[in-house]
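Letter by letter, the chains look like this.
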Amino acid sequence: MGNFLLIPIIFFGLIILFASFFVVKQQTAVVVERFGKFQSIRNSGLQMKIPLVDRIAGRLSLKIQQLDVIVETKTLDDVFVKLKVSVQYVVIREKVYDAFYKLEYPHDQITSFVFDVVRAEVPKMKLDDVFVKKDDIAIAVKRELQEYMSEYGYDIIKTLVTDIDPDAQVKAAMNRINASEREKIAAQFEGDAARILIVEKAKAEAESKRLQGQGIADQRREIARGLEESVEVLNKVGINSQEASALIVVTQHYDTLQAIGEETNSNLILLPNSPQAGSDMLNNMVASFTASNQIGEAMKKQNNKNKNADN
């Protein structure tokens, strides 16, 4: 009978013994209460408490935690925008008591402060400034949170504005503005390219005309030199300059006829083109040169008479 009573006692004793020990994980703090009153804070490792007297009131993580808060507010230019603010915080090891007993819902407290700061800062800025100065918003949030949450045992490590989401219609308008601006720049580049092409083409044409004119001038210069040499040769055999010029013109006339005859598909018609045309042309040119010389001599004599009369 005694043995039967001993077994429950031993079993109950083992339960009490095992209940006296507990393990606290790394980066964790355990709050122990005795009869409902704070007794101690236990850190990582194997810990002991008095069974039925002490109890584990709660566990707090000492790791860095992150809370994402989405705030909808209005900017200075009356644009509604949603901001996602990420708050990284940690329980201060020396203030575990304050963190456990002073705040029942720390997430709600942090969220309220984030809403308050963001809705105080963003309405002072235009939408473009919100994108540019998002770091300033994050710094303002951290400053306010750090001031209030430190007395509750929490340290604010960093705050980040990770997303800025304007209204869908505003984003579409911004995209249209951006697209229009890019199209304007593209049109300017295309206009500049077309202008450069026209200028370069004009320069090329001008250079071509200059070279063409230079070629024609050189050609005419060589022709004149050849004619001069031909006249000198004819003068040596007793043909005067007038007759030589007429002979050269007739020769060029027949050279032209020969060149036309060599081209089977030519549409050029040279008038006059009768067999006696060359002879008539030569006689007419000689007569013209003779008449022009006589007129020139007469004008020269008249000028000399006028000069003598004046003297």
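All of the points below concern the structure found in this document. (Residues numbered from 1 in each chain as written. Predicted model: local features only at pLDDT ≥ 70, side-chain atom pairs only at ≥ 80, totals over all residues. Heavy atoms only, no water.)

## A closer look at the sheet that holds strand 6 (residues 65–74)
Then comes step 1: If you walk across this open sheet you meet the 3 strands as 6-7-8, and the pairing is antiparallel. The open sheet has two edge strands, strand 6 and strand 8 (154–166), and neither has a second partner. Direction aside, neighbouring strands of the sheet carry axes that sit 20° apart on average.
Then comes step 2: Bridge count for strand 6 against strand 7 (residues 80–91) is 10 bridges, and the pairing is antiparallel. If you follow Gln 65 over to strand 7, its bridge partner there is Tyr 89.
Then comes step 3: Running over the sheet, helix 3 (residues 106–121) touches strand 6, strand 7 and strand 8 and is turned about 35° from strand 6. (Pairing = 2+ DSSP bridges. Helix = DSSP H or I, 4+ residues; strand = E, 2+ residues; numbered from the N terminus. Axes fitted to C-alpha atoms, helices over the stretch in contact; angles between N-to-C directions. Contact = heavy atoms within 4.5 Å.)

## Points about the sheet that holds strand 5 (residues 54–61)
Then comes step 1: Spatially, 3-2-5 is the arrangement adopted by the 3 strands of the open sheet, whose pairing is antiparallel. In the strand order of this sheet, the two ends are held by strand 3 (37–42) and strand 5, each with one partner. Pairwise comparison of adjacent strand axes, ignoring direction, gives a mean angle of 25° for this sheet.

## Regarding the packing of aromatic side chains
Then comes step 1: All chains considered together, the criterion is met by 6 aromatic pairs.
Then comes step 2: Arranged with centres 6.0 Å apart and planes meeting at 85°, the rings of Phe 38 and Tyr 101 form a pair that is edge-to-face. Linking Phe 38 in strand 3 with Tyr 101 in helix 2 (residues 96–101), this pair joins segments that are 63 residues apart in sequence.
Then comes step 3: Relative accessible area serves as the criterion here: at 32%, Phe 38 is assigned to the partly exposed category.
Then comes step 4: Measuring from ring centre to ring centre gives 4.9 Å for Phe 113 and Tyr 148, while their planes differ by 20°; the resulting arrangement is stacked. Here Tyr 148 lies in helix 5 (residues 134–149) and Phe 113 lies in helix 3, a separation of 35 residues in the sequence. (Phe/Tyr/Trp six-rings, centres within 6.5 Å; stacked < 30°, edge-to-face > 60°. Buried < 20%, exposed > 50% of the residue type's maximum accessible area, 1.4 Å probe, protein only.)

## Brief notes about the packing of helix 3 against helix 5
Angle between the axes and distance between the axes: these two values describe a pair of packed helices.
Then comes step 1: Viewed as axis vectors pointing N to C, helix 3 and helix 5 meet at an angle of 140°, and their least axial separation amounts to 9 Å. Classified by the angle their axes make, helix 3 and helix 5 are oblique. Of the two elements, helix 3 crosses helix 5, and the hand of that crossing is right-handed. Contacts between helix 3 and helix 5 involve Gln 109, Ile 110, Phe 113, Val 114, Val 117, Val 118 and Glu 121 from the former and Ile 137, Ala 140, Val 141, Glu 144, Leu 145, Tyr 148 and Met 149 from the latter.
Then comes step 2: By residue class, the composition of the contact of helix 3 with helix 5 is 11 nonpolar, 1 polar and 2 charged. (Parallel < 35°, antiparallel > 145°, perpendicular 65-115°, else oblique. Left-handed = near helix turned anticlockwise from the far one by under 90°. Nonpolar A, V, L, I, M, F, W, Y, C, P; charged D, E, K, R; others polar.)

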